[in-house]
Amino acid sequence: VQLQASGGGLVQAGDSLRLSCAASGLTLRSATMAWFRQAPGKEREFVAAFFRGGSSRHYADTVKGRFALSGDNAKNTVNLQMNTLKPEDTAVYYCAAGQRLIWSSMQTPQAYPYWGQGTQVTVSS
């Protein structure tokens, strides 16, 4: 399984960015794909998850209403649309994937065996 993340960059507060995570070696329909982020000196934190092929979507409270997940089964890709970005959104964003995850483990990094390489998002004030 390989995950390829893309779409990060440097933007100003209030701007938007879209991250993409393309998966190979697994099928989006049967997997849970998630985004985590890690800022310098902080632990990796959950951002959003496309649970079991998109049967449901879950967001951290800090991004709810600003970030939105979408999936493209044909391309085996999950996108994270990030709107109204804030300086505190600055971090390296990682996509992760797992199969047969249960709901209660969705926000736990250790539940995901597959990780992308990370993409930097920097939001200036």
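Refer to the structure printed above.
Residues numbered from 1 in each chain as written. Predicted model: local features only at pLDDT ≥ 70, side-chain atom pairs only at ≥ 80, totals over all residues. Heavy atoms only, no water.

Asker: Quick one: what's the story with the sheet that holds strand 1 (residues 2-6), residue by residue and with numbers?
Answerer: Strand order in the open sheet formed by four strands is 1-3-8-7, and the pairing between neighbours is antiparallel. Looking at which strands have only one partner, the edges of the open sheet turn out to be strand 1 and strand 7 (67-72). For this sheet, the mean inter-axis angle between neighbouring strands, taken without regard to orientation, is 15°. (Pairing = 2+ DSSP bridges. Helix = DSSP H or I, 4+ residues; strand = E, 2+ residues; numbered from the N terminus. Axes fitted to C-alpha atoms, helices over the stretch in contact; angles between N-to-C directions.)

Asker: Kindly report on the pairing of strand 9 (residues 91-99), identifying the contributing residues and their values.
Answerer: Within strand 9, seven of the nine residues are buried, which leaves it mostly tucked inside the rest of the structure. Bridging between strand 4 (residues 31-38) and strand 9 involves eight bridges; their strand directions are antiparallel. Following the sheet pairing, Thr32 is matched in strand 9 by Gly98. Both strand 9 and strand 11 (residues 119-124) contribute to a ladder of three bridges, which runs antiparallel. Residue pairing for strand 11: Tyr93 is matched across the bridge by Thr119. Inspection of the sheet shows strand 9 paired to strand 10 (residues 114-115) by two bridges, in the antiparallel sense. (Buried < 20%, exposed > 50% of the residue type's maximum accessible area, 1.4 Å probe, protein only.)

Asker: Go over the state of the cysteines, please, and point to the residues and values.
Answerer: Evaluated as defined, the whole model comprises one disulfide. One disulfide bridge connects Cys21 with Cys95, the sulfur atoms lying 2.2 Å from each other. Residues Cys21 and Cys95 are joined through a disulfide that is right-handed, its torsion about the S-S bond being 65°. With a gap of 74 residues between them, Cys21 in strand 3 (residues 17-24) and Cys95 in strand 9 connect regions that are remote in the sequence. (Disulfide = S-S within 2.5 Å.)

Don't take any of this as a statement about function, it's just geometry.
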